[in-house]
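Observations on chain architecture
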Amino acid sequence: MEIFRAASLMIEKDNGIATLWLDVPNKTYNVFNRQVLGELHSAFDRIAPDSSIKLLLIRGRKKNGFVAGADLHEFQSITTSDQAMALSAAGQQLFDKLERLPFPTVAVIHGPCLGGGLEFALACDYRVAIDHPKTQIGLPEIELGLVPGWGGTQRLPRVVGLERALQVILQRKRLNAREAREWGLADWTTSRQEDLPALITTVPGGARQLEKRPKHGMPLRNWRQRLIESTPVGRTIMFRGAERILRRKVPDDMPAPFEALDAVRVGLTQGMSAGLAREREAIGRLATTKACRNLMTLFFLIERARKLQEDVDKDSVPEIRRVGVVGAGTMGAGIAQLAALKGFEVVVQEINDAALAAGTKKIDGLFQKAAERGLISAEEAKQKMAAVARTTTWQGFEKTDLVIEAVIEDLPLKKGVFKELEKRTRPNTILASNTSSLVIRQLQEGLSHPERVAGLHFFNPVHKMPLLEVVRTATTQEKVTDILMQWAAAVDKTPVLVGDSPGFVVNRILMPYLNEAGMLVAEGMPVEKVDLTMRRFGMPMGPLELLDQVGLDVAAHIARSVGPAFGDRLKPHPALDLMCQAGWLGQKSGLGFYRYQGKKKTVNTEALTRLRSDLSGRREPAEPVGGDKLTSDKMLEARERMVCLMVNEAAACLAEGLAESADVIDLAMVLGTGWAPHRGGPLRYADDRGAGDVVKTLETLAKQIGPRFEPCAELRRHAASGELFYKRLTVA
Ligand code: NAD
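Here the structure is a predicted model, which is why all the values come from computation and not from measurement.

**Observations concerning the overall build of the chain**
In terms of helices and strands, the chain carries 30 helices and 21 strands. Radius of gyration (C-alpha) of the chain: 28 Å, near the 27 Å computed for a compact globule of 732 residues. Over its C-alpha atoms, taken along the principal directions, the chain stretches across nearly 85 × 60 × 50 Å. Out of the 732 residues in the chain, the part that is buried amounts to 57%.

**What to know about the site of the ligand**
Neighbouring residues of the ligand: 23 residues in total, closest M331, E350, E409, K414 and S436. Measuring from an oxygen atom of the ligand, one finds a side-chain N or O atom of E350 at 2.5 Å. V407 places a main-chain nitrogen or oxygen 3.3 Å from an oxygen atom of the ligand. For the shell around the ligand, the elements supplying multiple residues, two or more each, are α14 (330-341), α17 (411-424) and β17 (453-458). Element by element, the count of residues in the shell around the ligand is highest for α17, at 3 residues. Residue composition of the shell around the ligand, by class: 11 nonpolar, 9 polar and 3 charged.

**A look at the sheet that holds strand β15 (residues 402-405)**
The sheet built from 8 strands is open, its strands ordered β14-β13-β12-β15-β16-β17-β18-β19 with mixed pairing. Edge strands, defined here as strands with exactly one partner in the open sheet, are β14 (389-391) and β19 (494-499). Each strand axis lies, on average, 25 degrees off the axis of its neighbour in the sheet, ignoring direction.

**Some points on the domain arrangement of the chain**
Domain annotation of the chain identifies domain 1 (2-288), domain 2 (319-499) and domain 3 (506-721). Relative to domain 2, the C-alpha centre of domain 1 lies at a distance of 43 Å.

**Observations regarding the sheet that holds strand β7 (residues 105-109)**
Sheet strands pair via backbone hydrogen bonds, and the direction of the pair is either parallel or antiparallel. An order of β1-β2-β3-β5-β7-β9-β11 is seen for the 7 strands of this open sheet, with the pairing classed as mixed. At either margin of the open sheet sits one strand with a lone partner, and together these are β1 (2-6) and β11 (188-190). Going across the sheet, the axis of each strand differs from the next one's by a mean of 20 degrees, ignoring polarity. Direction of pairing for strand β5 (residues 55-60) relative to β7: parallel, over a ladder of 3 bridges. Within β7, the residue paired with L56 across the bridge is T105. Contacts from helix α1 (residues 34-47) reach β1, β2 (9-14), β3 (17-22) and β5 within the one sheet, and its direction differs from that of β1 by about 160 degrees.

**What about helix α27 (residues 662-673)?**
Counting along an α-helix, one turn takes 3.6 residues, and residues three or four places apart therefore face a common direction. With 12 residues, α27 extends 16 Å from end C-alpha to end C-alpha; this agrees with the ideal 16 Å at 1.5 Å per step. Across the 12 residues of α27, 12 count as buried, placing the element largely inside the fold. Among the residues of α27, those classed as buried are A662, D663, V664, I665, D666, L667, A668, M669, V670, L671, G672 and T673. At the C-terminal side of α27, G674 shows a positive phi close to 80 degrees.

**A closer look at the nonpolar core**
In this structure, L544, F593, I665, W675, L683, L715 and F725 are the most contacted members of the largest nonpolar core, which totals 101 residues. Sort the elements by how many residues they give to this core and helix α26 (residues 632-655) lands first, with 13 residues. Mapped onto the domain boundaries, this core takes at least three residues apiece from domain 2 (319-499) and domain 3 (506-721). In this structure F593 touches V521, V527, L544, L547, D548, L552, M579, V603, N604, L608 and L611, once residues within four positions along its chain are discounted. Counting 83 residues, the second largest nonpolar core, distinct from the first, contains L9, L22, V67 and M254.

**Quick look at the side chain of T400**
Relative to the elements of secondary structure, T400 occurs in the loop between β14 and β15. Judged by relative accessible area, T400 falls into the buried class, the value being 0%. Within the local environment of T400, its side chain forms a polar contact with the backbone oxygen of F397, the two atoms lying 2.7 Å apart. Aside from chain neighbours lying at most four places away, what touches T400 is R322, V323, G324, V347, T425, R426 and T429.

**Topic: the packing of aromatic side chains**
A complete count under the given rule lists 14 aromatic pairs for this structure. Judged by centre distance (5.4 Å) and plane angle (85 degrees), the rings of F537 and W675 are edge-to-face. Note that F537 is positioned in helix α21 (residues 527-537) and W675 in the loop between α27 and α28 (682-689), a separation of 138 residues in sequence. We classify F537 as buried; its relative accessible area is 0%. Take W675: its relative accessible area is 0%, and that puts it in the buried class. Joined through ring pairs, the aromatic side chains of F32, F66, F95, F120 and W150 make up one cluster. A cation over a ring is seen here: R61 above W21, with NZ or CZ 4.2 Å from the ring centre. For R679, the ring lying beneath its charged end belongs to F537, and the centroid distance is 4.3 Å.

**Focus: the packing of α27 against α28**
A pair of packed helices is captured by two measures, namely the crossing angle of their axes and the spacing between those axes. Interhelical geometry of α27 versus α28 gives an angle of 115 degrees and a closest axis separation of 7 Å. Where α27 abuts α28, its residues A662, I665, D666 and M669 lie against P682, L683 and R684. Taken together, the residues that form the contact of α27 with α28 break down as 5 nonpolar, no polar and 2 charged.

**Considering a positive patch on the surface**
Taken together, R240, R244, R248 and K249 make up a surface patch of like positive charges. Among the secondary structure elements, R248 is positioned in helix α10 (residues 232-249).

**Examining unusual backbone geometry**
Here the amide bond leading from N460 into P461 is cis, since omega sits at -5 degrees, within 30 degrees of zero. Note on placement: P461 falls in the loop between β17 and β18 (467-472). With phi around 65 degrees, D253 is a residue other than glycine that occupies positive phi space. The topology assignment puts D253 in the loop between α10 and α11 (256-270). Of note, the phi angle at W394 is positive, near 65 degrees, even though the residue is not glycine.

**Remarks on the state of the cysteines**
Every disulfide links exactly two cysteines, by a covalent bond between their sulfur atoms. Taken as a whole and assessed by the stated rule, the structure comprises 0 disulfides. Cysteine C113 remains unbridged, with the sulfur of C124 as its closest cysteine sulfur at 9.6 Å. Overall, C113 belongs to the buried group, its relative accessible area being 0%. Note on C644: no disulfide assigned, nearest cysteine sulfur contributed by C712 at a separation of 12 Å. Overall, C644 belongs to the buried group, its relative accessible area being 0%.

**Section: the pairing of strand β20 (residues 594-597)**
Residues Y594 and Y596 point to one face of β20 and are all buried, whereas R595 and Q597, pointing to the other face, are not buried. The pairing of β20 with strand β21 (residues 600-603) spans 4 bridges and is classified as antiparallel. Across the sheet, the residue bridging to Y594 is V603, located in β21. Connecting the antiparallel pair β20 and β21 is a turn made up of 2 residues, with G598 showing a positive phi of about 60 degrees.

**Describing the side chain of R59**
With respect to the helices, strands and loops of the structure, R59 is situated in strand β5. In this structure, R59 is in contact with T19, L20, W21, L22, F66, V108, Q193 and L196, ignoring residues within four places of it in sequence.

**Focus on the environment of L552**
As for its placement among the helices and strands, L552 is situated in helix α23 (residues 552-566). Note: C-alpha distance between L552 and S589 (37 residues apart in sequence) is 10.0 Å. Those residues in contact with L552 that sit more than four places away from it in its chain are L547, L576, M579, C580, W584, L585, G586, G592 and F593.

Scoring rules and cut-offs
- All residue numbers refer to position in the chain's written sequence, counted from 1.
- Since the coordinates come from a predicted model, pLDDT governs what is reported: local features require at least 70, and pairs of side-chain atoms require 80 or more to be given and counted, while whole-chain, interface and lining totals use all residues.
- Water and hydrogen atoms were dropped before computing side-chain values, which therefore reflect all heavy atoms in the structure.
- Working definition: helices are DSSP H or I runs of at least four residues, strands are E runs of at least two. Numbering for both runs from the N terminus.
- We take the radius of gyration over the C-alpha atoms and set the globule estimate at 2.2 Å times the residue count to the 0.38 power.
- Each residue is assigned to one of three classes by its accessible area relative to the maximum for its type, calculated with a 1.4 Å probe on protein chains only: buried under 20%, partly exposed between the two thresholds, exposed over 50%.
- We define proximity as follows: a residue is near a molecule or strand when any one of its heavy atoms falls within 4 Å of that partner.
- Each polar contact in these results corresponds to two N or O atoms within 3.5 Å; when the atoms are within protein, one needs to be able to donate a hydrogen and the other to accept it, and residues that are neighboring in sequence are counted only if both atoms are side-chain atoms.
- The residue classification treats Ala, Val, Leu, Ile, Met, Phe, Trp, Tyr, Cys and Pro as nonpolar and Asp, Glu, Lys and Arg as charged. All others, Gly included, are polar.
- In short, DSSP must find at least two bridges between two strands for them to pair.
- To get an axis, fit a line to the C-alpha atoms, keeping to the stretch in contact for a helix; angles then go from 0 to 180 degrees between the N-to-C directions.
- Annotation comment: domain bounds sourced from an automatic or database domain assignment.
- In what follows, a contact means two residues having at least one pair of non-hydrogen atoms within 4.5 Å.
- Here the expected span of a helix is defined as 1.5 Å times the quantity of residues minus one.
- Throughout this description, the term nonpolar core refers to a set of buried Ala, Val, Leu, Ile, Met, Phe, Trp, Tyr and Cys residues connected via side-chain atoms within 4.5 Å.
- Two rings from Phe, Tyr or Trp (for Trp, the six-membered ring) form a pair when their centres are within 6.5 Å of each other. A pair whose planes differ by under 30 degrees is stacked, one over 60 is edge-to-face, and the rest are tilted.
- Any Lys NZ or Arg CZ that is within 6 Å of a ring centre and within 35 degrees of that ring's normal is treated as a charge sitting over the ring.
- Patch construction takes residues with relative accessible area above 30% that form no salt bridge. Like charges are linked within 9 Å, and nonpolar side chains (Val, Leu, Ile, Met, Phe, Trp, Tyr) are linked within 5 Å.
- Only the protein chains shown count as covering a residue, and every accessible area follows the Shrake-Rupley method with a 1.4 Å probe.
- Counted as salt bridges are all cases of a side-chain nitrogen of Lys or Arg within 4 Å of a carboxyl oxygen of Asp or Glu.
- Charge counting treats Lys and Arg as positive and Asp and Glu as negative, with His and both chain ends excluded.
- Charge coordinates come from a single atom per side chain, which is NZ of Lys, CZ of Arg, CG of Asp or CD of Glu.
- Criterion for a disulfide: a pair of cysteine sulfur atoms within 2.5 Å.

In structure tokens:
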């Protein structure tokens, strides 16, 4: 029997069990906005006095899930701290009301249950998690520069314990249904929604015997909780440890993790209402920070880029069914596996049987990993693997709709492959290259149908990296890039459309940065300090760590190949070549800027001594290697050198029309390289800092160090006019 109805929810009652069904209109997922919060208030007011209700189940009516979180579009309209605090208070009061309902409450979680969705579930007495790959439970507010503001910092530690709560809140851990059960966040799991009524009614004593749960006290499930977390001294030690880790790991200008830790601490030392007040204050402070604004913008940019993806499956890219991949090395194997995983027919061409066997092994390994991660079943992995056709004679390429070339980075070789492809494919088969440093127009030269050729630049490792640069030249047909953008979405990548330039957008902006890092080392700056400087800025790893990961030979090759197009802005530094000649190729050779021994990583001092003496003609290194003598001034100067070069290059890319707008470049840098997300990308960073200040810094560096720092015309124009790069952004 229906007992309450509003736009976003309805409540029915049957035999003493009430069920609240959430179904927020016009949304793919249930999300909380002011209207939904208001309707929930009314619903709770209506049922609270009903003494015939013995149990309340709260469920999502949508197939996509229970409650995905708060409506971030609404958050975008917040401009003052007071407004943010008021929104936090509104949610806190509602969940307090839910917690105080006189009958036991059970949240039934399926699909993504993040942020406000989990805070809602935490205010219930019990939780059931549906065991499905889409069930994901977490508090990702820090990724938006915020803290959980609706009681999450208070209730989660009281349900799962302090250490585990900090993993969810600070380390962004997301739980699946089984983990939630193990941690005590879920009281039951079931694999099918339909089994739920039986499950609830078969709990010990029957559903009607479920009782309100006492809210105080910390869980005592494991020995750490019993011995450490349950005592004030133990908790103090834990808070100190967590703070130390944050100080080491959180980049500058990113206050949210510290605020979250503090809210948890206040709640556990001074009680829940002091903790909730601390949460509200934190939200008030954080909502107006640049970090929060930038992270929100990125969230919306990714959402916009992926909008396309939501309803795209292979059937909606009718032009593409069968995909050919040429070369099954690191990238080709990854691309072939991805396409097969996403349901495309795949055929792989290699140069000989041995290379084909090696490629097959790689593809097989990737399928096995996908099965281990639960993306597909082991059976499905086997079937999909067996369906990947393999050849050394181009057999099957005559039926391909799209071919992606991923042979080694060698222009004559690649040109030969494209010539061959003209013979082996239909005239309208789309031909794409995964080159990282050559320009696509060179590959189009001499072909009868250059209009069907484009770039599809995947990042390594293909299965993990979310970005795909779709590259068009002046002759690439628009229809071709349209189809490729759609196809990118169909294989679950976030596509950006970019112009044809050496290194396209991401590698082009990255190269001057990596080159500069090499120079700093050759000048005497300790390797770890160069990396630390940029990690503090917000990069996920330092430039020398990145060079070691990419491979110094690969980087040197890219630098050589793109260098001439940069003029004075990029003179590849001999450091990279010297390292390669010595066989120090990075992680893959066990030695690069660092020495890799198992999981241990230490500075490769031999390489540095040699580098510095060879490059400066001295026997001894310029400064003690790895010393701790570097002043913060020097680190600041190093940071300015590395960062301003990227900003300059990003502005030059925009001026050359390589991307439609600043946000495309920023999104590419964040998704392609992990570029300090809380700073929004190089061009948002220029806006926040002021283009004038960046230009002034570059001019000083150009005078002191050399012409590579000369600001480009576009950056000067912005500095002179005060025009922002982001003037036209409308994503919210
Ligand atoms: P790789 O050396 O691992 O693989 C290249 C494969 O191509 C080898 O298996 C080789 O046998 C095969 N091959 C060579 N000539 C061939 C031919 N004529 N026909 C068929 N197969 C042939 O190289 P990789 O790292 O996979 O790079 C491939 C391409 O992707 C390059 O253009 C590279 O610049 C680009 N790329 C690489 C990365 C990366 O991080 N490795 C990232 C982005 C793009």
